[in-house]
Amino acid sequence: MTDTPKKEPPPARPATTVLLLRPSKPGDAGSPLEVFMVVRHHAIDAFSGALVFPGGKLEEADGDPQLKARCAGAEKISAGELKFRIAGVREAFEECGILLARKRGQRNLIAAADLKGIEERWRAKLAKDEASIVDLVEAEDLEIATDLMTPYAHWITPVFAPKRFDTWFYLAEAPEDQLALHDGSESVESVWITPQAALAEAAAGKRTLVHATTKNLELLAEGGTVTGALSQASERKIVTVQPWVEQRDGKRYLHIPEGAGYRNLIREMPPQPVPQAGR
């Protein structure tokens, strides 16, 4: 009798997630932070119906070498990381209409009045893969504000999951006069919410959160304000988190490693459903 060969886990696809932050009281930097979140469309096969941060898979154009000259602070960012930051800017624009970019040669991010035309010309095209981020920045003569994206976390989906992602999380302060709104296709609802409120709503059964979102909301809550969260993120060493499952006394527990800044490293998982005859 020969052993059945172990099935290889699916590869983890590179992805970026963006935590867009703002003060809960406009103009008051000391007020509690809010983060922009969207509800995934129920027809989407990854995290359907869940409350998540905007983000998605990397595209080939995100790593185009010619983009380096159009990325602020690119000389301090490795080529490997730069494409994750570019993907984050693109995804935030596609998914919620926030564009972290400047007209080349200017210090301020694009104002809402200028963004309106850019959005009409490009947002749908990017979402439908009819244009790339390269096309957008070249045509509009933009500089991507990769310097404003602060690395926050790095998660890799567990090996037992049917779909896996190698995801970098970034923090970025949302421009004050740009309006964030879900796209209506991948996401069907959007909300600016404090981390504490999102966690409380999930605990009350009003929201669905995946594990990585829960842990990053808990971490974000410790930052308090936009400035506090950005400061904590810049000082914290990023440790890659790839959860794993252990079984004890007939129960399953999901573990994440120490050293990544999270509390409560172990979570009991719900019992697995018992297969029924004929199914």
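Please refer to the structure higher up on the page.
Residues numbered from 1 in each chain as written. Predicted model: local features only at pLDDT ≥ 70, side-chain atom pairs only at ≥ 80, totals over all residues. Heavy atoms only, no water.

Considerations on the overall build of the chain
Thinking step 1. The secondary structure content of the chain amounts to 6 helices and 12 strands.
Thinking step 2. When contacts within the chain are restricted to residue pairs at least 6 apart in sequence, those whose partners lie at least 24 apart make up 65%.
Thinking step 3. In the structure as shown, the chain presents an accessible area of about 15000 Å², 51% of it carried by carbon and sulfur atoms. (Helix = DSSP H or I, 4+ residues; strand = E, 2+ residues; numbered from the N terminus. Contact = heavy atoms within 4.5 Å. Areas by Shrake-Rupley, 256 points an atom, 1.4 Å probe, with all protein chains shown as cover.)

Notes on the side chain of Thr-213
Thinking step 1. As for its placement among the helices and strands, Thr-213 is situated in helix α5 (residues 211–223).
Thinking step 2. Thr-213 sits in the buried class, given a relative accessible area of 4%.
Thinking step 3. If we skip the residues at most four places from it in the chain, Thr-213 touches Met-37, Leu-51, Val-52 and Phe-53. (Buried < 20%, exposed > 50% of the residue type's maximum accessible area, 1.4 Å probe, protein only.)

Some remarks on the environment of Arg-70
Thinking step 1. Turning to its location among the elements, Arg-70 is positioned in the loop between β4 (55–57) and α1 (79–96).
Thinking step 2. Arg-70 sits 64 residues away from Val-134 along the chain, and the two C-alpha atoms are 9.4 Å apart.
Thinking step 3. Leave out the neighbours within four places in its chain, and Arg-70 touches Arg-104, Val-137, Glu-138, Asp-141, Leu-142, Glu-143 and Ile-144.
Thinking step 4. Among the polar contacts made by the side chain of Arg-70, one reaches the main-chain carbonyl oxygen of Leu-142 at a distance of 2.9 Å. (Polar contact = N/O pair within 3.5 Å; in protein donor to acceptor, adjacent residues only side chain to side chain.)

Concerning the pairing of strand β10 (residues 244–248)
Consecutive side chains of a regular strand alternate in pointing toward one face of the sheet and then the other.
Thinking step 1. The sheet contact formed by β10 and strand β11 (residues 251–255) spans 5 bridges and is antiparallel. When the sheet's bridge partners are listed, Gln-247 is paired in β11 with Arg-252. (Pairing = 2+ DSSP bridges.)

Examining the pattern of salt bridges
Opposite charge on two side chains allows them to pair when their charged atoms are near.
Thinking step 1. If you walk through the whole model with that rule in mind, you get 21 salt bridges.
Thinking step 2. A salt bridge links Glu-59 to Arg-90; its shortest N-O distance comes to 3.4 Å. Separated by 31 residues along the polypeptide, Glu-59 in the loop between β4 and α1 and Arg-90 in helix α1 bring together distant segments of the chain.
Thinking step 3. On the accessibility criterion, Glu-59 (25% relative accessible area) is partly exposed.
Thinking step 4. Salt-bridge contacts for Arg-85 lead to Glu-81; the nearest nitrogen and oxygen are separated by 2.8 Å. Note that Arg-85 and Glu-81 are positioned in helix α1 at a spacing of 4 residues, about one turn of the helix.
Thinking step 5. Through salt bridges with shared partners, one network takes in Glu-59, Asp-62, Arg-90, Glu-91 and Glu-94. (Salt bridge = Lys/Arg side-chain N within 4 Å of Asp/Glu carboxyl O.)

A few points about the nonpolar core
Nonpolar side chains in soluble globular proteins tend to end up buried together.
Thinking step 1. Within the largest apolar cluster, 42 residues are counted, with the highest numbers of intra-cluster contacts made by Leu-20, Phe-93, Leu-99, Ile-133, Leu-136 and Ile-144.
Thinking step 2. Of all the secondary structure elements, the ones that give two or more residues to this core are β1 (12–23), β2 (33–40), α1, α2 (112–127), α3 (133–140), β6 (142–144) and β8 (164–173).
Thinking step 3. Among the elements that line this core, the one with the most residues is α1, at 8 residues.
Thinking step 4. Apart from the residues lying within four places of it in its own chain, the contact partners of Phe-93 are Ile-98, Leu-99, Leu-115, Ile-118, Glu-119, Trp-122, Arg-123, Leu-126 and Leu-136.
Thinking step 5. If you look at the next biggest cluster of nonpolar residues, it comprises 29 residues, including Tyr-152, Trp-155, Leu-209 and Leu-230. (Core = buried A, V, L, I, M, F, W, Y, C linked by side-chain atoms within 4.5 Å.)

What to know about α3
Thinking step 1. For α3, the full list of buried residues reads Ile-133, Val-134, Leu-136, Val-137 and Glu-140. One side of α3 carries all its buried residues, which in axial view fall inside an arc of 165 degrees.
Thinking step 2. Against the buried residues of α3 lie α1, β5 (101–103), α2 and β6. (Arc of directions from axis to C-beta.)

Re the packing of α5 against helix α6 (residues 226–235)
Thinking step 1. Across the interface, α5 lies against α6 with an axial gap of 7 Å and an inter-helix angle of 115 degrees. In terms of orientation, α5 lies roughly perpendicular with respect to α6. For α5 against α6, the interelement crossing comes out right-handed. Along the contact surface, α5 presents Leu-219, Leu-220, Glu-222 and Gly-223, while α6 presents Gly-228, Ala-229 and Gln-232.
Thinking step 2. Across the contact of α5 with α6, the residue classes break down as 3 nonpolar, 3 polar and 1 charged. (Axes fitted to C-alpha atoms, helices over the stretch in contact; angles between N-to-C directions. Parallel < 35°, antiparallel > 145°, perpendicular 65-115°, else oblique. Left-handed = near helix turned anticlockwise from the far one by under 90°. Nonpolar A, V, L, I, M, F, W, Y, C, P; charged D, E, K, R; others polar.)

By themselves these figures say nothing about function.
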